[in-house]
Amino acid sequence: MGVPVSIAHSTIYLDYAATTPVDDAVIQAMNDCMSFRGAFGNPASDHHEYGWQANDLVQLAREQVAGLIQARPAEIIFTSGATESINLALKGAALHAGHKRRHIITSAAEHKATLDTCASLEQQGFRVTYLKPGATGLLSRAQVEQAVTDDTLLVSLLHVNNETGVIQDLSDIDTLCHSRGILLHVDASQSVGKLRIDLANTSIDFMSFSAHKLYGPKGIGALYVRKSSRKHLTPILHGGGQQYGLRSGTLPTQQIVGLGKACEIAVARMPQDFEHLTTLYNLLIERVTGLEGIVLNGDQMSHFPGILNLSFIGQDGEALLMKLKRLAVSTGSACSSADRSPSHVLLAMGASRAQAHSSIRVSFGRFTSADAVTQAADELCKALQN
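Residues numbered from 1 in each chain as written. Predicted model: local features only at pLDDT ≥ 70, side-chain atom pairs only at ≥ 80, totals over all residues. Heavy atoms only, no water.

The subject of this paragraph is the overall build of the protein. Within the protein one finds eleven helices and twelve strands. Relative to its length of 386 residues, the protein is compact, with a C-alpha radius of gyration of 21 Å against a globular reference of 21 Å. Relative to its full complement of 386 residues, the protein shows a buried share of 55%. Here the analysis covers contacts within the protein between residues at least 6 apart in sequence; of these, 73% occur between residues at least 24 apart. Carbon and sulfur atoms make up 53% of the accessible area of the protein, which amounts to about 16,900 Å² in all. Counting 32 positive and 35 negative side-chain charges, the protein places the averaged centre of each group 4 Å from the other. (Helix = DSSP H or I, 4+ residues; strand = E, 2+ residues; numbered from the N terminus. Rg over C-alpha atoms; globule rule 2.2 N^0.38 Å. Buried < 20%, exposed > 50% of the residue type's maximum accessible area, 1.4 Å probe, protein only. Contact = heavy atoms within 4.5 Å. Areas by Shrake-Rupley, 256 points an atom, 1.4 Å probe, with all protein chains shown as cover. Lys, Arg positive; Asp, Glu negative; His and termini not counted. Charge placed at Lys NZ, Arg CZ, Asp CG, Glu CD.)

Encoded structure:
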């Protein structure tokens, strides 16, 4: 009892878009914050050294997170993850607006955290426009502009789609929102730590992300809140008034330290990681694109190489997964895995229900080897031939 179980994995892990293993350096940094010999204190305890030590580590983590996305440390609000960050951004802005502006624009291909939050706001009388991307998965400035009204409060869009890996160019949409006095929230869960983000040269108001997508721990994330946009948010959690009054609750030092360390590592490794993912992506594409009936979903030019979405026409995605017992892949977002309906992302892109049902998502990461991808391609070929 109490002895850690050592797990020998026989399955090839290709589901990094769902979650990433925690980097060993992150684990060590977190361990140093949990025992009596470490900085275990409450960061809000400002009358003794235990609190001071913990607060110093929290402030360092703020600097590490801010440094990754070119923001100011004071613009980082720690949350339990991207889902809470999205809720704070959208509901917080809606609460603050009250009856002044009641219209929100988003995409039908967003993560469920955004779609379900928007649905909740609709029940409270807000009007939501769900834009449909084309077959590429990309939205245009013109689509957003056509949806804008004098009542539009906020636009919320994904940076990298969690199912297809399509990268949305936000620069023109950012400019549009800024010119019309509309708040812009970006879900960057799949891009922070993987793609270069420079918020100092944008007008983006809010950005959400999670540690567990960039080799940090689960249960911690952040919401970037531009300093000038803080006044547009009303808190949705109340308690001790921590974090500028926007997010109450005792700060989990070890989780925050883990996020900060993961961000520090990402700064150093981003070019190397991106090159590695590109190699793996090209390797898998080369091995499987010759197979009959395969469709690559989403734009392959504006695309993050760590995520690949494939439809196998005539196959059922769930049935195919049963044949791929040695591969840890998915049929879509892990956050909606209880829902066996076709991918809402692919349907929003205009795919047929049959094509959406026949899709699987493969996602690579820092610890994926070329040999693992080669083995995965062989397993996939075998499964399709049986």
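The structure having been displayed, the exposition proceeds.
So, on to the pattern of salt bridges. Throughout the structure, instances matching the rule amount to ten salt bridges. Here E379 and R326 are joined by a salt bridge, their closest N and O atoms 3.1 Å apart. Taken together, the positions of E379 in helix α11 (residues 370–385) and R326 in the loop between α8 (317–323) and β11 (327–328) put the pair 53 residues apart, joining distant regions of the chain. Classification of R326 by relative accessible area gives partly exposed; the value is 33%. Each of D23, R269, D273 and R366 takes part in a single network of salt bridges with overlapping partners. (Salt bridge = Lys/Arg side-chain N within 4 Å of Asp/Glu carboxyl O.)

One key point about sheets: their strands pair by backbone hydrogen bonds, in either a parallel or an antiparallel sense. One open sheet accounts for seven strands, arranged β2-β8-β7-β6-β5-β3-β4; its pairing is mixed. Each edge of the open sheet carries a strand with a single partner, namely β2 (76–79) and β4 (127–131). Within the sheet, the average angular offset between the axes of one strand and its neighbour, ignoring direction, is 20°. Running over the sheet, helix α2 (residues 49–69) touches β2, β7 (206–210) and β8 (221–225) and is turned about 110° from β2. (Pairing = 2+ DSSP bridges. Axes fitted to C-alpha atoms, helices over the stretch in contact; angles between N-to-C directions.)

Applying the stated criterion across every chain yields a total of zero disulfides. C263 provides the cysteine sulfur closest to C33, a residue in no disulfide bond, and the two sulfurs are 15 Å apart. (Disulfide = S-S within 2.5 Å.)

Now for the sheet that holds strand β10 (residues 307–312). A sheet is described by the order of its strands in space; here three strands give the open sequence β9-β10-β12, paired in antiparallel fashion. Since the sheet does not close on itself, it has two edges, and those belong to β9 (294–296) and β12 (359–363), each with one partner. Between one strand axis and the next, the sheet turns through 30° on average, direction left out of account. In terms of strand pairing, β9 meets β10 through three bridges, oriented antiparallel.

With five of five residues buried, β7 is to be regarded as a mostly interior element. Along β7, one buried face is formed by F206, S208 and S210 and the opposite face, lined by M207 and F209, is buried too.

Before going further, it helps to spend a moment on the side chain of D273. Along the chain, D273 turns up in helix α7 (residues 253–288). Of the residues examined, D273 reaches a relative accessible area of 11% and is grouped as buried. There is a polar contact of 2.9 Å between the side chain of D273 and the side chain of R366. (Polar contact = N/O pair within 3.5 Å; in protein donor to acceptor, adjacent residues only side chain to side chain.)

Our focus in this paragraph is the nonpolar core. Within the largest apolar cluster, 46 residues are counted, with the highest numbers of intra-cluster contacts made by L68, I69, F78, V155, V192, M207 and L259. When residues in this core are grouped by element, the largest group, seven residues, is from α7. Setting aside residues up to four positions removed in sequence, F78 forms contacts with V58, A61, R62, V65, I220, G221, A222, Q243, R247, I256 and L259. The next biggest cluster of nonpolar side chains, apart from the first, holds 32 residues, and it includes Y281, L321, F364 and A376. (Core = buried A, V, L, I, M, F, W, Y, C linked by side-chain atoms within 4.5 Å.)

Our next topic: the pairing of strand β6 (residues 183–187). Among the five residues that make up β6, five are buried, leaving the element largely enclosed by the rest of the structure. Covered by surrounding structure in β6 are L183, H185 and D187 together with L184 and V186, the residues of both alternating faces. Pairing between strand β5 (residues 152–158) and β6: five bridges, direction parallel. Bridge pairing links L154 to L183 in β6. Here three bridges tie β6 to β7, and the two strands are oriented parallel to one another. Within β7, the residue paired with D187 across the bridge is S208.

On to helix α4 (residues 112–123), then. Taking 1.5 Å of rise per residue, twelve residues should cover 16 Å, and α4 covers 16 Å from first to last C-alpha, within 8% of that figure. For α4, the set of buried residues is A113, T114, L115, T117, C118 and L121. Phi for G125, located one or two positions after α4, is positive at around 100°. (Expected span 1.5 Å × (residues − 1).)

On to the environment of T83, then. In this fold, T83 is placed in helix α3 (residues 82–97). For T83, a relative accessible area of 44% puts it in the partly exposed group. For T83 and K112, which are 29 residues apart along the polypeptide, the C-alpha to C-alpha distance reads 9.0 Å.

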